[in-house]
Amino acid sequence: ELLRKLMEAEGFTVNPNAPQFQFFVRQHYVDFLNRDRDSGGLQFWSQGIDACGANAQCREVKRVDTSAAFFLSIEFQETGYFVYRVYQAAFGDISAARPVPITIQEFLPETQQVGRGVVVGVGNWQAQLQANKTAFARDLVTRQRFTARYPPTMTASAFVEALNQNAGGVLTPAGRDALAARVAQAGNTPTARADALRTVAEDSDLAQREFTQAFVLMQYFGYLRRNPDDPPDQNFNGYLFWLGKLDQFAGDYRRAEMVKAFISSIEYRRRFGQ
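Thresholds applied
- Residues numbered from 1 in each chain as written.
- Predicted model: local features only at pLDDT ≥ 70, side-chain atom pairs only at ≥ 80, totals over all residues.
- Heavy atoms only, no water.
- Salt bridge = Lys/Arg side-chain N within 4 Å of Asp/Glu carboxyl O.
- Buried < 20%, exposed > 50% of the residue type's maximum accessible area, 1.4 Å probe, protein only.
- Phe/Tyr/Trp six-rings, centres within 6.5 Å; stacked < 30°, edge-to-face > 60°.
- Helix = DSSP H or I, 4+ residues; strand = E, 2+ residues; numbered from the N terminus.
- Axes fitted to C-alpha atoms, helices over the stretch in contact; angles between N-to-C directions.
- Parallel < 35°, antiparallel > 145°, perpendicular 65-115°, else oblique.
- Left-handed = near helix turned anticlockwise from the far one by under 90°.
- Contact = heavy atoms within 4.5 Å.
- Nonpolar A, V, L, I, M, F, W, Y, C, P; charged D, E, K, R; others polar.
- Polar contact = N/O pair within 3.5 Å; in protein donor to acceptor, adjacent residues only side chain to side chain.

A. The pattern of salt bridges, seen in detail. This model, assessed by the stated rule, comprises 22 salt bridges. Glu-210 is the salt-bridge partner of Arg-209, the closest N and O atoms lying 2.7 Å from each other. Assessed through its relative accessible area of 39%, Arg-209 is described here as partly exposed. The partner of Asp-233 in a salt bridge is Arg-226, with the nearest N and O atoms 2.8 Å apart.

B. Representation of the packing of aromatic side chains. One pass over the full model with this rule turns up 28 aromatic pairs. On the numbers, 5.4 Å between centres and 45° between planes, the contact of Phe-71 with Phe-76 is tilted. As far as burial versus exposure is concerned, Phe-71 and Phe-76 are alike and both buried. Measuring from ring centre to ring centre gives 5.5 Å for Tyr-223 and Tyr-268, while their planes differ by 85°; the resulting arrangement is edge-to-face. Placement of Tyr-223 in helix H13 (residues 204–224) and of Tyr-268 in helix H17 (residues 266–270) is noted, with a sequence separation of 45 residues between them.

C. Expanded view of the packing of helix H6 (residues 80–91) against helix H12 (residues 190–201). Orientation of H6 relative to H12, taken along the N-to-C sense of each, is 110°, at an axis distance of 8 Å. Of the possible angle classes, the one that applies to H6 and H12 is roughly perpendicular. Here the hand of the crossing between H6 and H12 comes out right-handed. Along the contact surface, H6 presents Phe-82, Arg-85, Val-86, Ala-89 and Ala-90, while H12 presents Leu-197, Arg-198, Val-200 and Ala-201. In the contact of H6 with H12, the residues fall into seven nonpolar, no polar and two charged.

D. Structural context of the side chain of Asn-188. Inspection of the secondary structure puts Asn-188 in the loop between helix H11 (173–185) and H12. At a separation of 3.5 Å, a polar atom in the side chain of Asn-188 contacts the main-chain carbonyl oxygen of Pro-152. Setting aside chain neighbours within four positions, we find Asn-188 in contact with Pro-152, Met-154, Thr-155, Ala-156, Val-183 and Arg-193.

Structural data, given as structure tokens:
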């Protein structure tokens, strides 16, 4: 009944024969993909939960797996997680006291920019995604924060090495030198710098290295719509706790009970008046 009221408040016409978990699924499109649901995806995920019927344990498992699937999806990995990795390569962790590379105030508009017009499997989504990524990277390298850190007088070699260090040294020596040569040959232009930034951000070793950290951070950004150290926490203890739990269980979010804890938390449920 509560789900029905929430869906009606959101402007949905509620079909009594439709899966009862449509609101839960639809909200994940908004929170993780920054767009409204597509009908095929909404039906697929909500029916998967609804198929459990009265089996509460089955519903709980399906809700957790459905929720995690949005973070793990190609669309989020190529938009939200891409933005995270670009910031990691560009700036590293914000500070010793803030062990993350990006705030939610930065993350949301950047992810919306990269994901604009992109629905995986619909139309020429790959070309749109690549165009969005290119525009985002070229915009970022011309901003004052970036140019102050990497002035135009900085050599291509020093520039690439700085990005590599921010990313945890993911480039091989040969790969680093080849990338620096490309930037230098192109005249160390903003376009060349943007391409280098993307190259580091999209390195597979960086994606693997930061995956767990990003997974935990997105629990706060997606479900709670805040930074880990925003009130009521005011520090990164909660973030570090869940990072430790996920590491303890080798990234298995089910055994770590991380996703379950966030979607059943009072703070998350209060977003919807529960």
